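Spelled out, the chains give:
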Amino acid sequence: MPEFSFGDIAVYAYDMIGWALVTYGLDPKLVVIIQKFLAAFLLANFALLTPIFTIWLERKIAARFQDRLGPNRVGPYGLFQSFADILKLLTKEIITPSGADKVVYFVGPILSVAPVLGIWVVIPFASTMIGANLNVGVLYSVAIGGIGTLAIMMGGWASNNKYALLGAFRAASQLVSYEVPLILALLIPTLLTGSMGMQDIVLAQDTWFVVYAPIAATIFFVSSLAEIGRAPFDILEAESEIVAGYHVEYSGFLFAIWQLGEFLHAFTISALVSVLFLGGWRGPLADLYPILGIVYLLAKTYFVYFISMWIRATVPRIRIDQMNNLNWKFLVPLALAALVLVALVDKLLPASLAGSARAWAHFASNVGLMVIVFGMLRTESRRLQNLSLPAPVAAGH
Amino acid sequence: MSMTDSNWLFVSLFIAIALVFPAVPVVAARILGPHRPNPAKNETFECGMQTVGDSWVQFKIQYYIFGLLFLVFDVESIFLFPWAVAYQQMALFAVFEGLVFILLLTGGLVYMWRKGALEWV
């Protein structure tokens, strides 16, 4: 019989179910499958139900940024607004536009949620709690996240609508472009840890990686914002240009599934940032009481999520050429430079310099690179300003 | 059952659940909601206009160039991941070899830049 521990109550419950089933007389292999299935079921429920709360939170906070009240009629502080919306959407008609590719049309939104959900497999909630501690965790999260692009392409193509197709093409070019700095930024925690496993990365963060590599953390966050198509990178669903982009034809709950995927993705990205750069579940006493790790991880995730909401409420949408310039002419070269810098600095620093001193040495080198980059940007912007001066007009004739 | 086996077991179970879960409310909505299509309702949304021609048209070549660029860098990063994992055990010389690889690809990026492939026209 597994030993009871309050600090690790989730794992205790997991072991207890296994122990009970084995003593009942089931085949141990089958018991493992049942245990894993139950854990997967719980995790999927957690991840899918979270957006119900985050949608309310986002509406409430966005409203506050715009000096409004936000939802406040349904339940206390409007908390039940999302439930009311779900009930309403469930009873709405799902319209399939004429000439649509029906199978692809229905599979598109479902396939946009599934890969995002799949990322939760490798997110460590506590020292003892992780869906699957894959040794290729980082690569897995990128690989499975990439399927989302395909889903958007499917939705846009199948709708038989030119706006939707245009949105899908914009999405494909943006999502695919921003994956490059995203992956390059991911190389830095991998390199500092010497492993692609998410749990290893968290365990290596005695000092958070955001101190080791602030540039990589920022690049990862910004390109993640672009990956989820959130303002200021929401040109793939720019209302003023292409109506609503790839999901213009969707209605009823199929539309809700697109929205679910989007909000879940935003939350997932925040969780990834917390795991990779903000120490994941680590915090005071989290080693002793693993259950505390969940609290720390969620606190960090909601903090990152709040910042993304803040950016959304503050920055206006950028143009498509600006989007491409920011990626290929700024983020990609900067990510490559940061990678080279971290690789060199970490090898050149003496091995005796360990712990937080090493982290701050990395931090100083990153700041140095940033100073150089901002200097270059400044020179460039001055050059552009001088270029765009209007040609002198002959006046007074 | 070994550790890695049960890990991938979890992944496959989870992906199966992840595919089924979003489909459940869609089916439920199909049962609960009305289903009364008519030709006017099913028309594609074009701000009241009739769609001219086919929607599935060939598209701007620009997107294709960025797709190509992405492919190059994606393959590059896949090659860099083993290098990053082995980094802690590497001598300085091996690190420099990786850096030369990055430098070559940076050369490619600079070439594309100078050629004007990064401009949105």
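Residues numbered from 1 in each chain as written. Chains lettered and ligands numbered in written order. Predicted model: local features only at pLDDT ≥ 70, side-chain atom pairs only at ≥ 80, totals over all residues.

Quick word on the overall build of chain B
Next up, step 1: Helices and strands together make up the secondary structure of chain B, namely four helices and zero strands.
Next up, step 2: If you list the helices and strands of chain B from N to C, you get α-α-α-α.
Next up, step 3: The proportion of buried residues among the 121 residues of chain B is 17%. (Helix = DSSP H or I, 4+ residues; strand = E, 2+ residues; numbered from the N terminus. Buried ≥ 20, exposed ≤ 12 C-beta atoms within 10 Å, placed from the backbone.)

Section: the overall build of chain A
Next up, step 1: Across its full length, chain A holds 15 helices and two strands.
Next up, step 2: Here the C-alpha atoms of chain A give a radius of gyration of 24 Å, agreeing with the 21 Å that 2.2 N^0.38 yields for 397 residues.
Next up, step 3: Taking the principal axes of its C-alpha atoms as reference, chain A extends roughly 100 × 65 × 40 Å.
Next up, step 4: Here chain A holds 397 residues, and 50% of them are scored as buried.
Next up, step 5: Once local pairs closer than 6 in sequence are excluded, the contacts in chain A between residues at least 24 apart make up 75%. (Rg over C-alpha atoms; globule rule 2.2 N^0.38 Å. Contact = placed C-beta atoms within 7 Å.)

What to know about the confidence of the model for chain B
All names here are of chain B.
Next up, step 1: The predicted model of chain B has a mean per-residue pLDDT of 80, with 89% of residues at 70 or higher.
Next up, step 2: When mean pLDDT is taken per element in chain B, helix α4 (residues 92-115) scores highest with 86 and helix α2 (residues 39-42) scores lowest with 76.
Next up, step 3: Under the prediction, the complex receives an ipTM of 0.85, its pTM being 0.88. (pLDDT = per-residue confidence, 0-100.)

Quick notes on the interface of chain A and chain B
Next up, step 1: With 69 residues of chain A in contact, the opposing surface of chain B contributes 57 residues.
Next up, step 2: Going through the elements one at a time, α2 (28-65), α3 (81-90), α4 (102-119), α7 (162-193), α12 (252-277) and α14 (320-348) of chain A are the ones with two or more residues in the side of chain A that touches chain B.
Next up, step 3: Looking at the side of chain A that touches chain B element by element, the count peaks at 14 residues for α7(A).

Here we look at the domain arrangement of chain A
Residues and elements named next belong to chain A.
Next up, step 1: Along its sequence, chain A is organised into domain 1 (1-91) and domain 2 (96-371).
Next up, step 2: Of note, the centres of domain 1 and domain 2, computed from C-alpha atoms alone, are 22 Å apart.
Next up, step 3: Those elements that place two or more of their residues in the side of domain 1 that touches domain 2 are α1 (9-24), α2 and α3.
Next up, step 4: Top contributing element to the side of domain 1 that touches domain 2 by residue count: α2, with twelve residues.
Next up, step 5: Looking at the side of domain 1 that touches domain 2 residue by residue, the classes come out as 14 nonpolar, four polar and two charged. (Domains from an automatic or database assignment. Nonpolar A, V, L, I, M, F, W, Y, C, P; charged D, E, K, R; others polar.)

Focus: the packing of α1(A) against α2(A)
The packing of two helices is summarised by the inter-axis angle and the distance between the axes.
All names here are of chain A.
Next up, step 1: With their axes 10 Å apart at the nearest point, α1 and α2 run at an angle of 145 degrees to one another. The way α1 lies across α2 gives a crossing that is right-handed. Side by side, α1 and α2 meet where Tyr 14, Ile 17, Gly 18, Leu 21 and Val 22 of the first sit next to Pro 28, Val 31, Ile 34, Gln 35, Leu 38 and Ala 39 of the second.
Next up, step 2: Counted by class, the contact of α1 with α2 contains nine nonpolar, two polar and no charged residues. (Axes fitted to C-alpha atoms, helices over the stretch in contact; angles between N-to-C directions. Left-handed = near helix turned anticlockwise from the far one by under 90°.)

Quick look at the environment of A:Met309
Next up, step 1: Along the polypeptide, A:Met309 turns up in helix α13 (residues 290-314).
Next up, step 2: Apart from the residues within four sequence positions on either side, A:Met309 is in contact with A:Glu58, A:Ile61 and A:Ala62.

Here's the deal with the packing of α14(A) against helix α15 (residues 355-387) of chain A
Residue and element names in this part refer to chain A.
Next up, step 1: In the contact formed by α14 and α15, the axes pass within 10 Å of each other and the chain directions differ by 145 degrees. Handedness of the α14/α15 crossing: right-handed. Only His 362, Ser 365, Leu 369 and Val 373 of α15 make contact with α14, whose side of the interface consists of Leu 334, Ala 337, Ala 338, Leu 341, Val 342 and Val 345.

Quick look at the nonpolar core
All names here are of chain A.
Next up, step 1: Leu 117, Ile 188, Phe 220 and Ala 335 are the most contacted members of the largest nonpolar core, which has 143 residues in total.
Next up, step 2: Looking at which element gives the most residues to this core, the answer is α7, with 21 residues.
Next up, step 3: Counting residues domain by domain, this core receives three or more from each of domain 1 (1-91) and domain 2 (96-371).
Next up, step 4: Residues contacting Ala 335, with those up to four places away along its chain left out, are Pro 181, Leu 184, Ala 185 and Ile 219. (Core = buried A, V, L, I, M, F, W, Y, C linked by C-beta atoms within 7 Å.)

Some remarks on the environment of B:Pro25
Next up, step 1: Following the sequence through the fold, B:Pro25 ends up in helix α1 (residues 3-32).
Next up, step 2: Taking the C-alpha atoms as reference, B:Pro25 lies 50 Å from B:Lys115; in sequence the two are 90 residues apart.
Next up, step 3: Filtering out sequence-adjacent residues up to four positions away, B:Pro25 remains in contact with A:Leu90 and A:Phe253.

Overview of the environment of B:Asp54
Next up, step 1: Of note, B:Asp54 is situated in the loop between α2 and α3 (62-86).
Next up, step 2: Distance in space between the C-alpha atoms of B:Asp54 and B:Asn7 is 47 Å, their sequence separation being 47 residues.

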